[in-house]
Amino acid sequence: MGAGSFEHDESYVYEPWYKYGIMFLFFEAAIAVGVTIYSLSMAFSGQAVQFKKKVVFEKKPAVEAPAPPVAQQCAAIQQQLEDCLKAAGAKTK
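A brief look at the structure comes next. (Residues numbered from 1 in each chain as written. Predicted model: local features only at pLDDT ≥ 70, side-chain atom pairs only at ≥ 80, totals over all residues. Heavy atoms only, no water.)

1. Topic: the overall build of the protein chain
Part 1 of the reasoning: Across its full length, the protein chain carries two helices and zero strands.
Part 2 of the reasoning: Split into buried and exposed, the 93 residues of the protein chain put 0% on the buried side. (Helix = DSSP H or I, 4+ residues; strand = E, 2+ residues; numbered from the N terminus. Buried < 20%, exposed > 50% of the residue type's maximum accessible area, 1.4 Å probe, protein only.)

What follows is the structure in structure tokens.
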């Protein structure tokens, strides 16, 4: 009997669940290999999960200039009318 020889002991009987336990271990190892391959592919593609704080800025409403008082608007319109009539050669009051 050398160092590389292996004798199978036929006198030992495994429990019935033994083959299911071995299958479960191989299944678990396959999942681990799959997760490893997936994580490496994500890391090398540059799409790995980055734990950054996402900042959202709220849009503030634009500040509008206050409307001039109605009396100023009317005076400005009246002045424009008089200027137009003078330019057209019409008589004003």
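2. Some remarks on a nonpolar patch on the surface
Part 1 of the reasoning: A surface patch of nonpolar side chains, amounting to about 750 Å² of accessible area, comprises Tyr12, Tyr14, Trp17, Tyr18, Tyr20 and Met23.
Part 2 of the reasoning: On the secondary structure map, Tyr12 appears in the segment before α1 (18-45). (Patch = residues over 30% accessible without salt bridge, like charges linked within 9 Å, V, L, I, M, F, W, Y side chains within 5 Å. Areas by Shrake-Rupley, 256 points an atom, 1.4 Å probe, with all protein chains shown as cover. Salt bridge = Lys/Arg side-chain N within 4 Å of Asp/Glu carboxyl O.)

3. Section: helix α2 (residues 70-88)
Part 1 of the reasoning: Spanning 19 residues, α2 covers 27 Å between terminal C-alpha atoms, matching the ideal 27 Å at 1.5 Å per step.
Part 2 of the reasoning: Remark: Gly89 follows α2 within two positions and exhibits a positive phi of approximately 90 degrees. (Expected span 1.5 Å × (residues − 1).)

4. What about the packing of aromatic side chains?
Part 1 of the reasoning: Within the structure shown, the criterion is met by one aromatic pair.
Part 2 of the reasoning: Centre to centre, the rings of Tyr14 and Tyr18 are 4.2 Å apart; their planes meet at 10 degrees, and the pair counts as stacked.
Part 3 of the reasoning: On the basis of relative accessible area, Tyr14 is assigned to the partly exposed category, the value being 46%.
Part 4 of the reasoning: With a relative accessible area of 34%, Tyr18 lands in the partly exposed category. (Phe/Tyr/Trp six-rings, centres within 6.5 Å; stacked < 30°, edge-to-face > 60°.)

5. Remarks on α1
Part 1 of the reasoning: Between its first and last C-alpha, α1 extends 41 Å over 28 residues, near the 40 Å set by a 1.5 Å rise per residue.
Part 2 of the reasoning: Two residues or fewer after α1 comes Gly46, characterised by a positive phi angle close to 85 degrees.

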